[in-house]
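# A closer look at the structure
The chain contents come next:
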Amino acid sequence: MAELNEAELNKAELNENLDLVVTARRLVTPEGVRPGRVLIAGGRVLAVEDVDDADTVPASVPRMDAGDHYVLPGLIDSHVHFRTPGLTHKEDWEHGSRAAVAGGFTTVMDMPNTVPPTLTEEAVREKAAMIAGHSLVDHRFHIGLDPERPELLATLDPEVATSAKVFMAGHHTAPTVVRDPVALEKAFVAAAEGGVQLVLHAEDDLLFQLLDGWWGDPENYREYEARRPRSGGIAAVARVIELVRRHGTKAHILHLSSAEEADLVSAARAAGLPVSFEVTGHHLSFTDEDTKRLGARTRLSPSIRQQADQDRLWEALRSGHSATIGSDHAPHTVEEKTQTVQKSPPGLPGVQELAVGVWTGMRRRWPDENPDVAVARLVRHLAEGPADLFRLPGKGRIVPGADADLVFFAPDATWMLSAHDVRAKCGWSAYEGWTMTGRVERTLRAGKVVWDAATGEFGDYDGRWLSCAPAAVETKGV
């Protein structure tokens, strides 16, 4: 018998440790879409092989064949509100993470506007302890900026958080709004000193207060968009850009809503400033005409704007001007949403609907586009982009050494979303009745199935609080 060379010996040793092999004709890798095999052990990707390579994997190793489905890296939603602690009557981590994996997401980043708000390192650790054993997804937290103590960002422990949420405008669940320009600048200075990524709700609350004092509260949803006008976002984004220019702070504008804001941030980024922006599924999917018709279902903050704004956001997605897509998953109960216009809170569930909703929009807007090009854009904004921006090691790419987070995605499946499909605790969706193109058939986290659409079954609630250790912050070369 011929002796094995070193490469063959290494392959034999590798095969002894394998837990699973996933074969795909449409594997979405950083180099493009291609046929391939993903070899998985211990929850991580050991190797990515060409299907033409000799298959030396022992027959005893379990296998999954994705057929004609795309196999994507596990998606990342960097903007969710899973409502723990204090608001779990409308969402909790078990339901929120079910919605996430059913939508193809294996990692989420949760916001701090809970009860009490997550403003300290101790509060972040307590939140992580509450969630342990209740999450289908891996997770990290944006700490909240305390307007009374913005200097805390300068010494933020990166193992606890590397990003901080700043509310420049308030609404029903935002108790820590920064209205003082001096405090806001102190936050930018401290964040730059501590290497903290700011994520901002960038609207000018004082401007809104001024207009509210003149106009009064809106009495119906025909008036809603005009009563929360684009001028609030434009003014706030301009202020953020100036503070970034002055202090070099990294800033990411959340749920950007207007064409003018997209132009401002794109120009600032082209000028070399470390500022970027997120588009949300709902700003890509709905316009102010939908809010007039649907009322509280699409009452958002920032508000849903006009068709021209939606068109500009789609162009930002196509051109790559936008950095990430987020769901801003923010459920409320039906009872809360059916109060008066003044009392009904802004927000909707969206993590489950995000990827398929955006995919549906892309296929309708650009029907002649090569689907491989479209899926690469989806992965860039929902996996690679957030992994890089928020320094999530092992996430966002199917490469050796990465976490074995995979999504089987049927790009041509057509189905209608109903309330029965909704996994969020609130039990409703603004997308009810939509005919969707594309469906998540199976989601794997750490090499194990956490969602199977064929059976409707979920996996183990053992999602991890992701380490933010400085030694493990790079993701591009995993």
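All figures in this text were calculated on a predicted structure; none of them were measured in a lab. (Residues numbered from 1 in each chain as written. Predicted model: local features only at pLDDT ≥ 70, side-chain atom pairs only at ≥ 80, totals over all residues. Heavy atoms only, no water.)

The next point concerns the packing of helix H7 (residues 230–247) against helix H8 (residues 259–270). As a packed pair, H7 and H8 sit with axes 9 Å apart at the nearest point and diverge in direction by 10°. Judged by the inter-axis angle, H7 sits roughly parallel to H8. Mapping the contact onto sequence places Arg230, Gly233, Ile234, Val237 and Ile241 in H7 and Ala259, Glu260, Glu261, Leu264, Val265 and Ala268 in H8. Split into classes, the residues belonging to the contact of H7 with H8 amount to seven nonpolar, one polar and three charged. (Axes fitted to C-alpha atoms, helices over the stretch in contact; angles between N-to-C directions. Helix = DSSP H or I, 4+ residues; strand = E, 2+ residues; numbered from the N terminus. Parallel < 35°, antiparallel > 145°, perpendicular 65-115°, else oblique. Contact = heavy atoms within 4.5 Å. Nonpolar A, V, L, I, M, F, W, Y, C, P; charged D, E, K, R; others polar.)

In contact at an axis separation of 11 Å, helix H13 (residues 354–365) and helix H14 (residues 371–389) are set at 145° when each is read in the N-to-C sense. Of the two possible hands of crossing, H13 and H14 adopt the one that is right-handed. Here H13 contributes Leu354, Ala355, Val358, Trp359, Met362 and Arg363 to the contact with H14, which in turn contributes Pro371, Ala374, Val375, Arg377, Leu378 and Leu382. Looking at the contact of H13 with H14, its residues break down into ten nonpolar, no polar and two charged. (Left-handed = near helix turned anticlockwise from the far one by under 90°.)

A word on the packing of aromatic side chains. The tally for this structure, following the rule as stated, stands at twelve aromatic pairs. Taking the centre distance of 6.2 Å and the plane angle of 45° together, the rings of Phe141 and Trp465 count as tilted. Separated by 324 residues along the polypeptide, Phe141 in strand S8 (residues 138–141) and Trp465 in the segment after strand S18 (457–458) bring together distant segments of the chain. The class for Phe141 is buried, based on a relative accessible area of 0%. With a relative accessible area of 31%, Trp465 lands in the partly exposed category. (Phe/Tyr/Trp six-rings, centres within 6.5 Å; stacked < 30°, edge-to-face > 60°. Buried < 20%, exposed > 50% of the residue type's maximum accessible area, 1.4 Å probe, protein only.)

Right, let's get into unusual backbone geometry. In this structure, Pro116 follows Val115 across a cis peptide bond, with omega equal to 0°. Here Pro116 lies in the loop between strand S7 (105–110) and helix H3 (121–131). For the bond from Ser301 to Pro302, the omega torsion is 0°, close enough to zero to count as cis. Unlike most non-glycine residues, His255 shows phi in positive territory, near 35°. Along the polypeptide, His255 turns up in the loop between strand S12 (251–253) and H8. Non-glycine residue Arg391 carries a positive phi angle of around 55°. On the secondary structure map, Arg391 appears in the loop between H14 and strand S15 (406–416).

Two residues of an α-helix separated by three or four positions point the same way, owing to the 3.6 residues in each turn. Its 18 residues give H7 an end-to-end C-alpha distance of 26 Å, which sits within 8% of 26 Å, the value for a rise of 1.5 Å per residue. Within H7 the residues assigned to the buried category are Arg230, Gly232, Gly233, Ala236, Val237, Val240, Ile241, Leu243 and Val244. The arc that holds every buried residue of H7, seen down its axis, measures 165°, which confines them to one face. Two residues or fewer past H7, Gly248 is found with a positive phi of approximately 75°. (Expected span 1.5 Å × (residues − 1). Arc of directions from axis to C-beta.)

Which parts of space are left empty comes out when a probe the size of a water molecule is rolled across the atoms. The tally for this structure, following the rule as stated, stands at six cavities of 30 Å³ or more. Estimates place the volume of the second largest cavity at around 60 Å³. Together, Met168, Val178, Arg179, Leu184, Glu203, Asp204, Asp205, Leu206 and Arg239 line the second largest cavity. Looking at the lining of the second largest cavity residue by residue, the classes come out as four nonpolar, no polar and five charged. (1 Å grid on protein atoms, 1.4 Å probe; cavity = no way out; pocket = protein on both sides within 12 Å on 5 of 7 lines; lining within 4 Å. Points joined across faces, edges and corners; volume = space filled by probe spheres on them.)

Attention now goes to the sheet that holds strand S6 (residues 75–80). The three strands are arranged S6-S7-S8 in an open sheet whose pairing can be described as parallel. If you trace the sheet from one side to the other, it starts and ends with S6 and S8, each paired once. Geometrically, the sheet is characterised by an average inter-axis angle of 20° between neighbouring strands, direction not taken into account. Pairing between S6 and S7: four bridges, direction parallel. If you follow Leu75 over to S7, its bridge partner there is Phe105. Along the sheet, H3 makes contact with S7 and S8, crossing S8 at roughly 160°. (Pairing = 2+ DSSP bridges.)

Now for the nonpolar core. Residues Leu72, Phe188, Leu200, Val240, Ile253 and Val358 are the most contacted members of the largest nonpolar core, which totals 94 residues. With near-sequence residues (within four places) excluded, Leu72 lies in contact with Val28, Val375, Val379, Ile398, Asp405, Leu406, Val407 and Phe409. By size, the runner-up hydrophobic cluster in this structure holds 15 residues, among which are Val38, Ile40, Met64 and Phe408. (Core = buried A, V, L, I, M, F, W, Y, C linked by side-chain atoms within 4.5 Å.)

Let us look at the environment of Gln209. Its place among the elements puts Gln209 in helix H5 (residues 205–215). Judged by its relative accessible area of 41%, Gln209 falls in the partly exposed class.

Now for the sheet that holds S12. Backbone-to-backbone hydrogen bonds pair the strands of a sheet. The strands run either parallel or antiparallel. If you walk across this open sheet you meet the six strands as S9-S10-S11-S12-S13-S14, and the pairing is parallel. Lying at the two open borders of the sheet, with one neighbouring strand each, are strand S9 (143–144) and strand S14 (324–326). Of the strand pairs in this sheet, S9 and strand S10 (residues 163–167) are connected by two bridges, and their pairing is parallel. Bridged to Ile143 within S10 is Ala164.

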